[in-house]
Amino acid sequence: MSLSAKGQGNCQGLFGKVAGRTEDVANEALSRTLLVYTQTKRYFSHWKDLSLGSAPVRKHRGTVMGGVLDVIGKIDDLNAGLLTLSELHAFMLRVDPVYFKIFNHNMLVTLAMMFPDDFTPEVHVATDTFLAQLALALSEKYG
Ligand code: HEM
């Protein structure tokens, strides 16, 4: 399913607000991913400390969120925009693409929790669609 112009507007509107609280959003989404779905920790076993708010988690939250916000600007052509990141996750990091969906779930939980007034059903469906497309584009190089 692709996003209509209205859906893109809904999604970009929410992420416009996220831009002001990037670190908090990324911290919550990443920490929940590591804590609730502990299997994801295996990819970060080279980090010294995986606990909430540890230095590596704090550093990485900025990296991932930078990636998501960068992608919002490339919403019209996600495959091209995510080519390098897809290659990195597929060939170098060897992340099982199922975890992109798990991360997306945690991102939705976080957005609903932190932006309750903005997270209307319409914004929910648009953001869910956008994140699903992002996960698909990140998985592009796995085939
Ligand atoms: C929305 C989904 C995701 C985005 C936008 C994203 C983005 C990024 C970015 C921008 C980097 C840094 C790349 C670089 O250094 O050039 C990165 C690294 C990494 N990502 Fe992802 N990522 C996502 C999901 C995931 C998931 C679900 C996992 C595993 C459960 C994962 C595992 C990793 C690992 C292990 C690294 C290297 C970290 C390090 O050694 O410092 N990513 N990711």
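Since this is a predicted model, take the numbers as computed values, not measurements.

### Observations regarding the site of the ligand
Near the ligand you find 18 residues, and of these Thr40, Tyr43, Gly67, Tyr99 and Phe103 are the closest. Within the residue set of the shell around the ligand, elements represented by two or more residues are α3 (55–72), α5 (83–92), α6 (98–114) and α7 (121–138). Looking at which element gives the most residues to the shell around the ligand, the answer is α3, with five residues. Its residues assigned to classes, the shell around the ligand comprises 13 nonpolar, five polar and no charged.

### Concerning α7
Compared with the 26 Å implied by 1.5 Å per residue over 18 residues, the 25 Å span of α7 between its first and last C-alpha is a close match. Among the residues of α7, Ala126, Thr127, Phe130, Leu131, Leu134, Ala137 and Leu138 are the ones counted as buried. Considered in projection along α7, the buried side chains sweep an arc of 130 degrees and stay on one side of the axis. Looking at the buried side of α7, the elements it contacts are α1 (5–18), α3, α4 (78–81), α5 and α6.

### Regarding the environment of Phe103
By secondary structure assignment, the location of Phe103 is in helix α6. For the pair formed by Phe103 and Leu34, sequence separation is 69 residues and the distance between their alpha carbons is 9.3 Å. Contacts of Phe103, omitting those with residues within four sequence positions, involve Ala29 and Thr33.

Analysis parameters
- Residues numbered from 1 in each chain as written.
- Predicted model: local features only at pLDDT ≥ 70, side-chain atom pairs only at ≥ 80, totals over all residues.
- Near = placed C-beta within 6 Å.
- Helix = DSSP H or I, 4+ residues; strand = E, 2+ residues; numbered from the N terminus.
- Nonpolar A, V, L, I, M, F, W, Y, C, P; charged D, E, K, R; others polar.
- Expected span 1.5 Å × (residues − 1).
- Buried ≥ 20, exposed ≤ 12 C-beta atoms within 10 Å, placed from the backbone.
- Arc of directions from axis to C-beta.
- Contact = placed C-beta atoms within 7 Å.

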